[in-house]
Structure formats: structure tokens, C-alpha cells
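Examining the three-dimensional arrangement
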Amino acid sequence: MKAIRPQTAAAQLNQFSRSRPTLALVLGSGFQHALATMVIERRIPYAKLAGFPPVGVRGHTGELIFGQLAGTPVIGLSGRAHFYEGHAMDCVTFAIRALAEFGIRDLLLTNAAGGVNRRFRPGDFMVLSDHINLMGVNPLRGATVAGRPRFVDLTQVYDSQLNAMLREAGRAAKIKLRRGVYLAVSGPSYETPAEVRAFARLGADAVGMSTVPEAIVARQCGMRVAALSCITNLAAGLSPTPLSHAEVLATAERVQAAGANLLAAFAKYHGQTSLEGSNKHEA
Ligand code: HPA
């Protein structure tokens, strides 16, 4: 079967909306509530977009949304394909390539993660300063992509300007932001306590099962990337109770208003800064 090209999905997006946002947000657990605060212009189920993945996690609807967040035009992605569901990396990262072809310049990835850093508490938010990819695969493995580099520099995956906007958003929304290194595993089992101790020694502050493939592909496409974790639980061995998906969902729900406020404040700063940038350009 011939692979679906991201350009096909991007052409569909062009038809679905006249809006041309430059910012996209991938909404993971803990950040879904941002949808409730968005002025929605158009919701498109992934099933209507060529090459978009089927989506499996509860609470994620599998929709691409055109709208405004705090007055800034954005695309929101509610639901993502995870590697642990058995999808190929091409599928996990397809939406990111489609967004790049559509003209999205800046990408904010969000996720739920376990806290490895002993200072972290469930309900904290962490801005990613860097990542460690222990998923066992690289999303760029395979055929070269026309017009995209083969060997992608990851010296600074997470953009300093976008991170500064996140810090500003944290101050405005009065939400304390942690900063740290996200370590990605394939899942879907949670880690053993020995793995979590090892990850701490490697320099990880949080562990999760997403985000890194999308961030790498976005960098290959030349996007600016930032990422935010909702620390939904203490990683294995750091808490007296066993881990459960129910705990992850319960924390995500408890802090959903804070997560949504943070994203709205970020979108607001992003809109203001982009405007300043474009004014400068015109001057
Ligand atoms: N480990 C891996 N992924 C996760 C966790 C965790 O503890 N919590 C939420 N996603």
C-alpha cells in the first residue's frame, strides 16, 4: 500500500478552515480541559483526516480543533497515538508532519508523567529542558524524507524563547513550574523501582511514554518546540502505593483547571510576541 503523505492531510486542513494559526498544542492527560476554554471554530475528527491515527486513551477524543485560545489562533490536537498501542513511529508522528506542512511553526507538546525527582509532587507541572530517549527506537529511522535532514541536531530540542513564554505564563497563572529532563520509555507497563532509581542517576526528573518522538520529528521539520508535563504520580518505588492509570487520571482531573490556565496564558503571550515579531518585520 502506498503511504499517505502528510501533504495530503495538510491540504485537507487548508480546505477545512480559512484560519492559519502558527501555534499548535498537543493536549495530553492533564491538559484536555484547555478545550473547554477555547473558542472553537471547527472540530475535525481524526477519522476525516488522511493518515491521522486512530486514538485509544480514555478522555482523548481524537480531534483536531481550529480555534482561539486567549485570543490567539491555535490548532489543538486532542488525542495522540502512542507507541505502546503498537503503532509504527510513522503513525505516532504523522500529525506533526502534517502540521509542519500546513505551516505550523511552534509546537507545544503536553503529557502526563511520573515524577522521578524526589522534590516533585503529584499535580506539579514541569517544563522540559531536555529529554532522554529510552523508547528503543528513533522516529527518524527509515527512508529519508525529501527536503528534511537525515541527521538532526538535538542540542537544543526545547526552544528557549518558547520556554521563556511558558515561565511567563506560569507567573501570570500563579502556577509554580518545575523544570527538568523527561525520560521516555515505550511502556505500557510502568517502570520497576530499580529502573526509576537508574533513571534518576541518568539525570531524569520525570518519566513518560510519549512526546519524545513528536519532539524529534518536529525538530526535523524545523519547528520550534516546547513541552510540558503534568506530574500525575510519583514514579514507581517513590510512593508507598502501587501505580495505577486511575491515579494518573485522577490527578490529571484534579489539576485540569490549572493546566488549562497555563496553556491559555502561554497562548496569550505567544500571540502577543508573534504580533510584536510581525510588526517588527513590517517596520
Ligand atoms: N511512568 C510512565 N509513564 C507515566 C507515568 C509513570 O509513572 N505516569 C504517567 N505516565
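That block above? That's the structure.
The following refers to the structure shown. As the structure is a computational prediction, the values presented were derived from the model and not from experiment.

Scoring rules and cut-offs
- Residues numbered from 1 in each chain as written.
- Predicted model: local features only at pLDDT ≥ 70, side-chain atom pairs only at ≥ 80, totals over all residues.
- Heavy atoms only, no water.
- Salt bridge = Lys/Arg side-chain N within 4 Å of Asp/Glu carboxyl O.
- Buried < 20%, exposed > 50% of the residue type's maximum accessible area, 1.4 Å probe, protein only.
- Helix = DSSP H or I, 4+ residues; strand = E, 2+ residues; numbered from the N terminus.
- Pairing = 2+ DSSP bridges.
- Near = heavy atom within 4 Å.
- Polar contact = N/O pair within 3.5 Å; in protein donor to acceptor, adjacent residues only side chain to side chain.
- Areas by Shrake-Rupley, 256 points an atom, 1.4 Å probe, with all protein chains shown as cover.

1. A closer look at the pattern of salt bridges
- This model, assessed by the stated rule, comprises 8 salt bridges.
- The residue Arg-105 makes a salt bridge to Asp-106 at a minimum N-O spacing of 3.4 Å.
- What makes Arg-105 partly exposed here is its relative accessible area of 40%.
- Assessed through its relative accessible area of 0%, Asp-106 is described here as buried.
- Bridged by salt links that share partners, the residues Arg-105, Asp-106, Asp-159 and Arg-224 form one connected network.

2. Quick notes on the pairing of strand β7 (residues 177–185)
- Within β7, 7 of the 9 residues are buried, leaving the element largely enclosed by the surrounding structure.
- Sheet analysis places strand β6 (residues 125–134) next to β7, joined by 9 bridges and oriented parallel. When the bridges of β7 are listed, Met-126 appears paired with Arg-178.
- Looking at chain direction, β7 and strand β8 (residues 206–208) are connected through 3 bridges and run parallel. Bridge pairing in β8 places Ala-184 opposite Gly-208.

3. Considering the site of the ligand
- Around the ligand lies a shell formed by Ala-112, Ala-113, Gly-114, Tyr-190, Glu-191, Val-207, Gly-208, Met-209, Thr-232, Asn-233, Leu-243 and Val-248.
- A distance of 2.8 Å separates a nitrogen atom of the ligand from a polar side-chain atom of Glu-191.
- Coverage of the ligand by the protein chains reaches 95% of its 260 Å² of free accessible surface.
- Those elements that provide at least two residues to the shell around the ligand are β5 (106–115), β8 and β9 (224–234).
- Per-element tally for the shell around the ligand: the top contributor is β5, with 3 residues.

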